[in-house]
Amino acid sequence: MDTTLDAVPGAAPAQWPRRPAGIAYGGDYNPEQWPEEVWAEDVALMREAGVNLVSVGIFAWAMVEPEEGRYTFDWLDRLLDLLHAAEIAVDLGTPTAAPPSWFLHRHPHVRPVTRDGQVLGSGGRQSFCPSSPEYAAAAERVTTQLARRYATHPAVVLWHVNNEYGAPVGECYCAVSAAAFRDWLRARYRDLDALNEAWGTTFWSQRYGDWSEIDAPRTAATVVNPAQRLDFARFTSDALLDNYRRERDILHRLAPGIPVTTNFQLANCKALDYWRWATEVDVVSNDHYLQAERADNHVELAMCADLTRSVAAGRPWLLMEHSTSAVNWQARNIAKRPGEMRRNSLAHVARGADAVLFFQWRAGRRGAEKFHSAMLPHGGTGTRIWREVVDLGLDLSALRPLRGTRVSADVAIVWDWAAWWALELEWRPSVDLTYRERIEAYYGQLWRDHLTVDFVHPEGDLGAYPLVVVPSLYLTTPAAAANLRAYVDGGGSVVVSYFSGIVDADDAVYPGAYPGALRDLLGLEVEEFLPLREGERVRLSDGTVGDVWAEDVRLAGATAVATYVDGPAAGGPAITHHRFGAGHAWYVSTRAHGEDLRGVLRNAYAGVGLMPPAGIPDDVEVVRRTGPDASYTVIINHRADAATVAVTGMELLTGEPCPGSVTVPAGGVRVVASSR
Ligand code: GAL
């Protein structure tokens, strides 16, 4: 079996599960919550729905190790045999996200401690300190036993380590974590003078004379050193990554050839630097849940799918979890309406997912998640959800040719977890600055312009894109600044939003006028930030309306494209353009929305000859995947009426030819294969 996909520089060699051959379909399966008689019905219904991959055992620690060192795998043997006989492949979980009660009872100090000093109780899940040696030893033991037992089981095609590391709890402030943090700092800085310098500890008399004086940045009388907090965020991501690596290495050693993943929660989980994590998994998998109350939640879905593909270095990825309808943990758990689950699923496929999996197969009767939707609802097979699940299985089987094809993007947005962490610490110039807000504002406008977006690391290769958008890059390393400069110098084009390029990796303000890291590239200086009062608006000479933020901008090579008409910066430049080398640098110094962002983006497109596709109606999503012989255009109609899009080929879901155009019904999806 050789399932290795081509290697991407900087990323680990990737492997795709050896089965199923087409798009994987299924979900989390928790048979341990049901009497064994139910299993046969489960498997029969899975076959009816076209399910070909299920995730098993993710939270089953107490069922495979009911007491320390006593293992009960007989039920899991029977289950895997049953699934294998039905040709359903298994993504086998290590159960380490749910330490059992015997373990927590014996090692109570393993429970995580919050920043406020509260010890988190048991009775839930994810109750472990990432730096605990007792937890590490127990996780290692149970993973070793599982790997030994199932390394050669023919059903097992993928390992699923733990579950959503960092969500909901990432940081731990117990004494063991504080000691591990000190070790991490020692490795990073080597000597204390370097740490004192990086953290700026002469401020408020924080200077450290000995490593043992350093604590985790727990809640204090006032704001804690921001560089210390930033390092603690880095440490937390690394500490959790060590947990993942420990289990992965056992699985690689004892079960060679079976790829290993852990399910990410990109875009929502702030605790992990997924650029780093993605290089450590054999295949990227992601969980996505709609922010159901948002009217534009399909745009947010597209953004998360693009981000997932981007951290996967463009390779196919698994949608490990999403929901058939409502979740159970939002304030108002809005049910999906007919056709919405299908649109959601195929939107992930359009953006590179080669697996559509759900949490969960069968709706539970007990426990905290009993009101969460499932492939098989409480109401059984007589339900609309079940019928849509069966239909989706048929659709995915028709989309088999898409497996392994790639999405090509038109433009890029810079995304960085360190910039997110740093921007959202306390005592920034305005509480209204948040990281995702600006990213989503620009992404939303690019989506409405029908452009496909890749996300890039600020120090990553930008050469493939005619345009790179840089929202909220408050923390910009010297290497990132040099990268952006070289890209524009060589003919690229950037659109930079306010409050970017302000501090370095230690949260230290660059010397001189703002934005220190990007001043020369943008050809301007910001003399002062002018945050706006709540609800205050400013008008610009081109009709743009801004809120939240304005700046006192002085031109130093750039020209003003729009000036402030009113507000604290009245008369000064608001949107600027700078020719830098062979490229263009645009700067937007206020928070503009929707149509107003369209103006600056249109200018930027024109500067590099980028033509957003014409003739696609609003609210119709068109994304292309390309393989060696054919390309596949996925068209998703979010409108309340039918929409026609120009494309020639064969429609895969209906089997009808499209000689020049395809009409997609309201709320429908079409996928057109065109030969290359
Ligand atoms: C995910 C988690 C699943 C399940 C799901 C419910 O975050 O990984 O185990 O709890 O949420 O939406």
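Model, not experiment: these values are computed from the prediction. (Residues numbered from 1 in each chain as written. Predicted model: local features only at pLDDT ≥ 70, side-chain atom pairs only at ≥ 80, totals over all residues. Heavy atoms only, no water.)

Caption draft 1: Fine view of the nonpolar core. Counting 182 residues, the largest nonpolar core has L76, L83, L92, W415, W417 and V494 as its most contacted members. Residue contacts for W415: discarding those within four places in its chain leaves A267, W275, M303, L307, W420, Y435, R436, I439, F455, V456, H457 and P458. In terms of nonpolar packing, the next biggest core, distinct from the first, is built from 23 residues, V113, A178, L195 and A239 among them. (Core = buried A, V, L, I, M, F, W, Y, C linked by side-chain atoms within 4.5 Å. Buried < 20%, exposed > 50% of the residue type's maximum accessible area, 1.4 Å probe, protein only. Contact = heavy atoms within 4.5 Å.)

Caption draft 2: Local environment of the packing of helix α1 (residues 37–49) against helix α12 (residues 384–398). At a minimum axis separation of 7 Å, α1 and α12 run at an interaxial angle of 55°. Between α1 and α12, the crossing angle belongs to the class labelled oblique. Across the interface between the two elements, L45, E48 and A49 of α1 pack against W386, V389, V390 and G393 of α12. Each residue belonging to the contact of α1 with α12 can be placed in one class, and the counts come to 5 nonpolar, 1 polar and 1 charged. (Axes fitted to C-alpha atoms, helices over the stretch in contact; angles between N-to-C directions. Helix = DSSP H or I, 4+ residues; strand = E, 2+ residues; numbered from the N terminus. Parallel < 35°, antiparallel > 145°, perpendicular 65-115°, else oblique. Nonpolar A, V, L, I, M, F, W, Y, C, P; charged D, E, K, R; others polar.)

Caption draft 3: Broad picture of the sheet that holds strand β16 (residues 537–539). Ordered in space as β16-β17-β22, the 3 strands form an open sheet in which the pairing is antiparallel. Single-partner strands in this sheet number two, and they are β16 and β22 (591–592). Sheet topology places β16 next to strand β17 (residues 545–547); 3 bridges connect them, and they run antiparallel. Among the inter-strand pairings, R539 is bridged to a residue of β17, identified as V545. (Pairing = 2+ DSSP bridges.)

Caption draft 4: Summary view of helix α11 (residues 340–350). Of all the 11 residues making up α11, 10 are buried; the element is thus mostly covered by neighbouring parts of the structure. Residues of α11 that are buried include every one of E340, M341, R343, N344, S345, L346, A347, H348, V349 and A350, and no others. Backbone geometry just downstream of α11 places G352 in the positive-phi region, at approximately 115°.

Caption draft 5: Representation of α1 in the model. Within α1 the residues assigned to the buried category are V38, W39, D42, V43, L45, M46 and A49. Against β1 (24–29), β2 (53–56), α3 (74–85) and α12 lie the buried residues of α1.

Caption draft 6: Region of the structure containing the site of the ligand. Taken together, F59, R125, N163, E164, Q265, D287, Y289, E321, W329, F359, E369 and H372 make up the full set of residues near the ligand. The side chain of R125 places a nitrogen or oxygen atom 2.9 Å from an oxygen atom of the ligand. At 2.5 Å, a side-chain N or O of E164 approaches an oxygen atom of the ligand. Coverage of the ligand by the protein chains reaches 95% of its 310 Å² of free accessible surface. Of the residues assigned to the shell around the ligand, the class counts are 4 nonpolar, 3 polar and 5 charged. (Near = heavy atom within 4 Å. Polar contact = N/O pair within 3.5 Å; in protein donor to acceptor, adjacent residues only side chain to side chain. Areas by Shrake-Rupley, 256 points an atom, 1.4 Å probe, with all protein chains shown as cover.)

Caption draft 7: Fine view of the packing of aromatic side chains. Here the structure, examined in full by the defined rule, presents 38 aromatic pairs. Consider the rings of Y474 and F499, whose centres lie 4.9 Å apart with planes at 25°: the pair is stacked. Remark: F499 occurs in the loop between β14 (493–497) and α16 (519–522) and Y474 occurs in the loop between β13 (467–470) and α15 (478–489); sequence separation between them is 25 residues. In terms of burial, Y474 and F499 fall into one category: buried. These aromatic residues form a ring-pair network of at least three members: Y165, Y244, F264, Y274, W275, W277, W415, W417, W420, Y435, Y443 and F455. (Phe/Tyr/Trp six-rings, centres within 6.5 Å; stacked < 30°, edge-to-face > 60°.)

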